[in-house]
Amino acid sequence: MSKPFMFEKPIGMRDTLPALYRTKKLIRDQLTTEMSLWGYQTIDTPTLEFYDTVGDASAILDQQLFKLLDSKGHTLVLRPDMTAPIARLVASSLKEATFPVRLNYQSNVYRAQQHEGGKPAEFEQVGVELIGDGTVSADGEVIALMIASLKRAGLDNFKVAIGHVGYVDALLLDVVGNEERALVLRRYLYEKNYVGFKEHVKELSLSSIDKDRLLKLLKLRGGKEALDQARQLIQTEQGERALNELTQLWGVLESYGIDSYVKLDLNLVLHLSYYTGVVFEGYGGDLGVPLSSGGRYDQLLEKFNRPAPATGFGVRLDLLTEAIGKTAPAKENVCVIFSKERRTEATELARQKREEGISVVLQDLSGVGDVDQMSEQYDDVIYCIGKSKKGGE
Ligand SMILES: N[C@@H](Cc1c[nH]c[nH+]1)C(=O)O
């Protein structure tokens, strides 16, 4: 009797067929080539980590973590991102490495989905972490590297939105007075639920001036001029500091010649709570959701006892592939169909062609049902059938 779930997969799990696999590989290779040209070193970390260390530090909602138990009863998680595992690695196996450390990765990460709504629960991120450098130059470098990587991968039409955790925090706290109320507003922002945000602001018991400050936050988008408008909404030291950093950052991006790809978005809030400074998201194609994101996280490393400022980003390979929207062509491939009396000749022919870098399928004629149908799949078919001219086996 067949099992009911025989052909089903757990929620959010996907198969990858050859054309998509090929396309992703090509795009991944372009991204990582760019990263290594900027001096980043590739690392990998285990798929499973301890919940108490990395799972917790990853700052992903608990309900999004896949948890399991090891034989000693420890709770493990499938890594939900690479930033926390890399922080652990830099504080342990790489603890002798002098800062700044530049690392890149291409790894699958796991985030449980509650519904089968099209969102994958396992996806590949290609990203970098720049650890031990707290300068605005470092923020600029990772943004410039993300842009260069996306361009090399073949994405032409994209924009990067840049914000600052310090600015949003300062403004929300200054207006609503306590962290609990700020959190509610911040949640609307990271869900990009601007209608909900406005509705909620209306309900708050605040002066109309303060309500207006919150509503104006939603409009703080655009070029350098957005910084001047932002300055008018908040005058606290934290707010000032954030805006000064963004002003300097803009100068760094200009020196890379990439200011046309970026825009400021001062209400940008990302879903991960470890961010402490400049944050950014990349948008491209017609996706409507960000295909890459990153930012500064200056307090994560100290959770692993090696305090250091850090910044980085991750590109969602699945979304980038979708945004680019082209399938990588298959390599030229040849099929040599042989009958057994000419096996040696066919094998030698296949070997020679493979040496030239051509993919060759070597197929025994008696193993094929429909030769015509099989032949259609190849650019070229060579038949080594019947008696060999040279005499054969
Ligand atoms: N780990 C982040 C991306 C990132 C890398 N470095 C900093 N941020 C994510 O999964 O969205």
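Residues numbered from 1 in each chain as written. Predicted model: local features only at pLDDT ≥ 70, side-chain atom pairs only at ≥ 80, totals over all residues. Heavy atoms only, no water.

In the annotation of an unreviewed UniProt entry, the protein chain is listed under the name ATP phosphoribosyltransferase regulatory subunit and assigned to Alkalihalophilus marmarensis DSM 21297. The UniProt entry for the protein chain carries the following text under Subcellular location (unreviewed entry): "Cytoplasm". According to the UniProt record, the Function (unreviewed entry) comment for the protein chain is "Required for the first step of histidine biosynthesis. May allow the feedback regulation of ATP phosphoribosyltransferase activity by histidine." (UniProt positions renumbered as here; feature names shortened; annotations may be inferred.)

J.: Would you mind showing me how to read the overall build of the protein chain here?
T.: Within the protein chain one finds 13 helices and 15 strands. Projected onto the principal axes, the alpha-carbon positions of the protein chain cover approximately 95 × 55 × 45 Å. Residues counted as buried form 47% of the 393 residues belonging to the protein chain. Considering only contacts within the protein chain whose residues lie at least 6 apart along the sequence, 71% involve residues at least 24 apart. Just so you have it, the protein chain exposes about 20,200 Å², and 50% of that area is on carbon and sulfur atoms. Averaging the coordinates of the 48 positive side-chain charges in the protein chain and doing the same for the 56 negative ones gives two points 2 Å apart. (Helix = DSSP H or I, 4+ residues; strand = E, 2+ residues; numbered from the N terminus. Buried < 20%, exposed > 50% of the residue type's maximum accessible area, 1.4 Å probe, protein only. Contact = heavy atoms within 4.5 Å. Areas by Shrake-Rupley, 256 points an atom, 1.4 Å probe, with all protein chains shown as cover. Lys, Arg positive; Asp, Glu negative; His and termini not counted. Charge placed at Lys NZ, Arg CZ, Asp CG, Glu CD.)

J.: How should the packing of aromatic side chains be read in this particular structure?
T.: Geometrically, a pair of aromatic rings is defined through the distance of the ring centres and the angle of the planes. This model, assessed by the stated rule, comprises four aromatic pairs. With a centroid separation of 5.0 Å and 70° between ring planes, the pair formed by Tyr 274 and Tyr 275 is classed as edge-to-face. With respect to class, Tyr 274 is no different from Tyr 275; both count as buried. Here the basic side chain of Lys 67 rests over the ring of Tyr 51, its NZ or CZ set 4.9 Å away from the ring centre. One Lys or Arg, Arg 221, reaches over the ring of Tyr 194 and ends 5.1 Å from the middle of that ring. (Phe/Tyr/Trp six-rings, centres within 6.5 Å; stacked < 30°, edge-to-face > 60°. Lys NZ or Arg CZ within 6 Å of the ring centre and 35° of its normal.)

J.: Looking at this structure, how should I read the UniProt feature "binding site: L-histidine" (unreviewed entry) in the protein chain?
T.: Per the UniProt record, "binding site: L-histidine" (unreviewed entry) is annotated on Asp 81, Met 82, Thr 83, Arg 111, Gln 125, Glu 129, Tyr 274 and Tyr 275. When its relative accessible area of 10% is taken as the criterion, Gln 125 is described as buried. Aside from chain neighbours lying at most four places away, what touches Gln 125 is Asp 81, Met 82, Tyr 105, Gln 106, Ser 107, Val 109, Arg 111 and Val 315. Locating Glu 129 in the fold gives a position in strand β6 (residues 122-131). Setting aside chain neighbours within four positions, we find Glu 129 in contact with Tyr 40, Thr 83, Ile 86, Val 101, Arg 102, Leu 103, Tyr 105, Tyr 297, Thr 311 and Gly 312. In this structure the side chain of Glu 129 is engaged in a polar contact, spanning 2.9 Å, whose partner is the side chain of Thr 83. (Polar contact = N/O pair within 3.5 Å; in protein donor to acceptor, adjacent residues only side chain to side chain.)

J.: Even after reading the chapter, I still don't get the sheet that holds strand β7 (residues 158-164), so can you show me in this structure?
T.: Whenever strands of a sheet pair, they do so through backbone hydrogen bonds, lying parallel or antiparallel. Spatially, β1-β5-β6-β12-β11-β10-β7-β9-β8 is the arrangement adopted by the nine strands of the open sheet, whose pairing is mixed. Every interior strand has two partners, whereas the edge strands, β1 (41-42) and β8 (221-222), have only one. In this structure, β6 lies alongside strand β12 (residues 310-316), joined through seven bridges in antiparallel fashion. Counted as the bridge partner of Ile 131 is Ala 310 from β12. (Pairing = 2+ DSSP bridges.)

J.: Where do I start with the pattern of salt bridges in this structure?
T.: Pairing of side chains with opposite charge becomes possible as their charged atoms draw close. Following the criterion strictly, the structure yields 25 salt bridges and no others. The shortest N-O distance in the salt bridge between Arg 79 and Asp 44 comes to 3.9 Å. With a gap of 35 residues between them, Arg 79 in the loop between β4 (75-78) and α3 (83-91) and Asp 44 in the loop between β1 and β2 (48-50) connect regions that are remote in the sequence. On the basis of relative accessibility, which here comes to 54%, the residue Asp 44 falls in the exposed class. (Salt bridge = Lys/Arg side-chain N within 4 Å of Asp/Glu carboxyl O.)

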